[in-house]
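For reference, the chains in residue letters:
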Amino acid sequence: MMTVEALGIHGLVAQIQAYNPKSDAARIQRAYELAVTAHGEQMRSTGHPYITHCLTVAFILGDLHMDDDTIAAGLLHDVPEDTSISLDTIRAQFGDDVARLVDGVTKLSKLRFGMEQTEAESLRKMFMAMAEEIRVVLIKLADRLHNMRTLYALAPEKQRRIARETMEIFAPLANRLGIYNVRRELEDLALKYLDPPKYTEIETLLAEDKDDSQAFITQAITILREELAKENVVLHEISGRPKHIYSIYTKMRRKARDFSQIYDLRAIRVIVDSVRDCYVVLGIVHSLWTPIPNEFDDYIAKPKENLYQSLHTAVIGPAGKPLEVQIRTLEMHQLAEFGIAAHWLYKESDSKHDAAFEHKINWLRQMMDWRKDIVDAGVFVDSIKTDEFQDQVYVFTPKGAIIELATGATPIDFAYHIHTEIGHRCRGAKVNGRIVPLDYHLRTGDRVEILTAKKGNPSRDWLNPGLGLVHTARAKQKIRQWFKGQARAEAIADGRELLDKELHRLGFDQRNLDELAKFFNYKSADDLLEAIGHADLSISTLSVKLLEAERAKTEPPVETPPPTPVLPKAPETAVTIEGIGDVLQRLARCCNPLPGDDVVGFITRGRGVTIHRRDCRNLLDMDDEKERLIAIDWKKGAEKAYPVLVRVEAFDRSGLVHDISGIVATEKVNMMSASAVVSRKDRIAIITATLEIASADQLTRILNKIDRLPNVIEARRVTNSGDGN
Ligand code: MN
């Protein structure tokens, strides 16, 4: 490649003529000559004549297809600042526009970014420059790009400061303006000075991979080109894509991936005529090679914020190596290369493009329109406050950090953006030092301070769309999550109360919740309690299982079938399974089968057999899994009654024992023995009775009925372990 010195002004003029035949070559030549005169013998720290810097900046602007005024201003950008030739001379020779651009760059260069200033202040000044004239920012970017290319000539400390500033301010700015190539080069150069070992490592790996990589890409292009020809796709270009070291760097960090696992190391770009063809190409690529999951992005349907459009996919390419493919139209490609600069490219040539572009860059245009009102920074800040952005608002934290939010965002959105906990605790907000209502719509330039309560406690009103208190999806999701978590806490509390009551009543006061959870196949005690609280696990099902498990323990089994070695021994339920021995069984929670019910077994995956009532709805849904159903029957004697000791505590009244006997008789239960003791002091009667109970359900039913009798304080089952009182 020829150097800038060798190409010289003639090279520059030729480059401009290539994209802008109307360019005034003589005027560009004169600007160059004025710069040469002005800078004279000045040298750069690299040892090159100063004019090489001016020329390179102009070349970079030429790469961006900028107009003559911008190129001339690029050539002259350091003249008023560093030489004895004044802005007035430039204005006299090249007119107001060029003078204004040069003056803008000079003013912008005097601003100090980074270090001493807050990010907000820096960005605000950038915005101000944009408002003045977007081309000023483009010249400044070109200037910064060349300074980064020659950063090696500066002292290490200066290198790091300038590199950091580039990474923090200029690369994001190039990205926002959609100028991909400038952004990429700025980032790579900045990384080189910010993390030299890592940069060198990636650079070396890329170099080692180069030959392989080139052969691979050539092969992939050949295959793809043939297929595209068959489908009559009009191809503008198909080429290997240049590697962006910084993007490899961030991917390795963000996805914690090894160099070899980065898919876009080997990448090709396909440029076609129409959007339709983009998808045709995508289809062909995906039919030639297997797509890698989660690596497809459709930026055509959903353009990036800076208007970038393209299809990105990653596939397993030839020889089983990953390959990234970018597919876009020529127009999209130019936008990707030139970004905001494409505006000037289309401005003269094509009004259709211009109209579409104008519409798309509405937010930028609005920034530019501010220039009418701007006198100083203070006025600027005021002017942005009255402006409505189309997509984003930029607001400041009390410390001056910039926060970008969707238009319509409220203080609550801001609070959730800062931190979920701040969101939950948000009770009010100050904007620019004044308390505002929570439905206040934040505006660019607002300084927002959130007033918080000690405890996180969002209001249900926040989710009411009619009140307009929350705008962003992120905040809504966080609030919903909180209520979901809260609902769980409530369900757990309800579940605990229900369970305590039932356990107490059944005489199981001392129960280890973790064991109980395990017994019912829940991961934790909280899960069990939540299921009870949400009525996913009915309390009667729970008692049935507990009582039967206990009964199985106390009743020695008549025949013990040999345990199946693979499956863990189940707490025995009162069923036998034809042809199968002792496998893990559980009663279905959906239909809660009881001894005597017509039941059927369902072979679950890994959890043994679930016992359902034959008329259970869930079984009807299992039509296509009929082969997993298995015939089962209750064990003989399952319906046989067994003695249960019941204790009733009540304020004594006449007829109480009679009423209890009545309930027991209605249930056709035999009362084997009963006794009553009445305390003289407080007239509390304790009645104990042994009932011949056939099923747990029956016991629960009887206890419930007794509970509802007048004067009864409590009716519960007494077990040997738990009848301390
Ligand atoms: Mn410069």
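Each residue is numbered by its place in its chain's sequence as written, counting from 1. Since the coordinates come from a predicted model, pLDDT governs what is reported: local features require at least 70, and pairs of side-chain atoms require 80 or more to be given and counted, while whole-chain, interface and lining totals use all residues. Excluded from the side-chain calculation are hydrogens and water; included are all heavy atoms of the structure.

With that out of the way, let us pick up the coordination of the manganese ion. Nitrogen, oxygen and sulfur within 2.8 Å of a metal are treated as its donors, or within 3.2 Å for sodium, potassium and calcium (Na, K, Ca); water is not counted, so a site can appear incomplete. The coordination sphere of the manganese ion contains the protein donors H53 (NE2), H77 (NE2), D78 (OD) and D143 (OD), at a distance range of 2.1 to 2.3 Å. Along the chain, the residues donating to the manganese ion are arranged with the sequence spacing H-x23-H-D-x64-D.

Helix numbering and strand numbering both begin at the N terminus, where a helix is a DSSP run of H or I of at least 4 residues and a strand a DSSP run of E of at least 2. By secondary structure assignment, the location of T690 is in strand β19 (residues 684–693). Classification of residues uses two cut-offs on accessible area relative to the type maximum, computed with a 1.4 Å probe and protein chains only: under 20% is buried, over 50% is exposed, and between them is partly exposed. Take T690: its relative accessible area is 17%, and that puts it in the buried class. Note on contacts: a residue pair is in contact if any heavy atoms of the two residues lie within 4.5 Å. Among all residues touching T690, those that are not within four sequence positions of it are P643, V644, L645, N670, M671, M672 and S673.

Residues that lie three or four places apart on an α-helix share one face, since the helix turns once every 3.6 residues. Expected span of a helix, by definition, is 1.5 Å for each gap between consecutive residues, and there is one gap fewer than residues. For helix α10 (residues 180–194), with 15 residues, the first-to-last C-alpha span of 21 Å sits near the 21 Å given by 1.5 Å per residue. Every buried residue of α10 is accounted for by Y180, V182, R184, L186, E187, D188, L189, A190, L191 and Y193.

Turning our attention to the nonpolar core. In terms of nonpolar packing, the biggest core is built from 76 residues, with L12, I71, L76 and L186 touching the most fellow members. When neighbours within four sequence positions are excluded, L76 is seen to be in contact with A31, L34, A35, I90, F94, V98 and V102. We call a set of buried Ala, Val, Leu, Ile, Met, Phe, Trp, Tyr and Cys residues a nonpolar core when their side-chain atoms join them within 4.5 Å. In terms of nonpolar packing, the next biggest core, distinct from the first, is built from 40 residues, A531, L656, L699 and L709 among them.

Before going further, it helps to examine the sheet that holds strand β9 (residues 426–431). Note: two strands are recorded as paired if DSSP finds a minimum of 2 bridges between them. Taken together, 3 strands build an open sheet; the order of strands is β10-β9-β11 and the sheet is antiparallel. A strand with exactly one partner marks an edge of an open sheet, and here the two such strands are β10 (434–436) and β11 (448–452). Sheet twist, expressed as the mean angle between neighbouring strand axes with direction ignored, is 40°. Only the stretch in contact is used when fitting a helix axis, every axis being a line fitted to C-alpha atoms; angles between N-to-C directions are given from 0 to 180 degrees. Seen against the sheet, helix α19 (residues 411–418) touches β9, β10 and β11 and runs at an angle of roughly 85° to β11.

Burial analysis of strand β5 (residues 311–316) places 5 of its 6 residues in the buried class, which makes it a mostly covered element. Here strand β3 (residues 290–291) pairs with β5 via 2 bridges, running antiparallel. Within the sheet, the bridge partner assigned to T290 lies in β5 and is I316. As judged from the 2 bridges shared by strand β4 (residues 297–298) and β5, these two strands associate in the antiparallel manner. The residue bridging D297 from the neighbouring strand is H312, located in β5. Counting the residues between successive antiparallel strands, the hairpin from β5 to strand β6 (residues 322–329) contains 5 residues, one of them, A319, with a positive phi of roughly 60°.

Moving on to the environment of I630. The topology assignment puts I630 in strand β16 (residues 629–634). With a relative accessible area of 13%, I630 lands in the buried category.

As a per-residue measure, pLDDT reflects the predictor's confidence and takes values from 0 up to 100. Counting all residues, the mean pLDDT for the protein chain is 78, and 76% of those residues have values of 70 or more. Below pLDDT 50 for its whole length, residues 557–574 participates in 22 contacts with residues either more than four positions away or in separate chains. Taken together, the stretch residues 721–725 has pLDDT below 50 and engages in 5 contacts with residues farther than four places along the chain or on a different chain.

Residues enter patches when they are more than 30% accessible in relative terms and free of salt bridges; like-charged ones are connected within 9 Å and nonpolar ones (Val, Leu, Ile, Met, Phe, Trp, Tyr) within 5 Å. Surface accessibility follows the Shrake-Rupley procedure with a 1.4 Å probe radius. Residue values consider only the protein chains on display as shielding. The term salt bridge refers to a side-chain nitrogen of Lys or Arg lying within 4 Å of a carboxyl oxygen of Asp or Glu. This count recognises Lys and Arg as positive and Asp and Glu as negative, with His and chain-terminal groups excluded. Taken as the charge centre is NZ of Lys, CZ of Arg, CG of Asp or CD of Glu, depending on the residue. A cluster of like negative charges, contributed by E490, D494, E497 and D500, occupies part of the molecular surface. The topology assignment puts D500 in helix α21 (residues 473–506).

Under the pairing criterion, centres of Phe, Tyr and Trp rings, with the six-membered ring standing for Trp, must be within 6.5 Å; the plane angle then separates stacked pairs below 30 degrees from edge-to-face pairs above 60, leaving the rest tilted. Throughout the structure, instances matching the rule amount to 5 aromatic pairs. Taking the centre distance of 5.1 Å and the plane angle of 90° together, the rings of W482 and F483 count as edge-to-face. Taking the relative accessible area as the measure of exposure, F483 reaches 11% and is therefore buried. Each ring is checked for a lysine NZ or an arginine CZ that lies within 6 Å of its centre and within 35 degrees of its normal; such an atom marks a charge sitting over the ring. If you follow R266 out to its NZ or CZ, it ends over the ring of F216, 5.2 Å from the centre.

Next up on the list: the pairing of strand β17 (residues 642–651). Counting buried positions along β17 yields 7 of 10 residues, so the element is predominantly enclosed. Pairing geometry for β17 and β19, over 10 bridges, is antiparallel. Within the sheet, the bridge partner assigned to V648 lies in β19 and is I687.

What follows deals with the environment of A153. Looking at where A153 falls in the secondary structure, it is placed in the loop between α8 (134–149) and α9 (156–176). Sequence separation of A153 and R44 is 109 residues, and the distance between their C-alpha atoms is 8.9 Å. Beyond its immediate chain neighbours, meaning those up to four positions away, A153 contacts S45 and T46.

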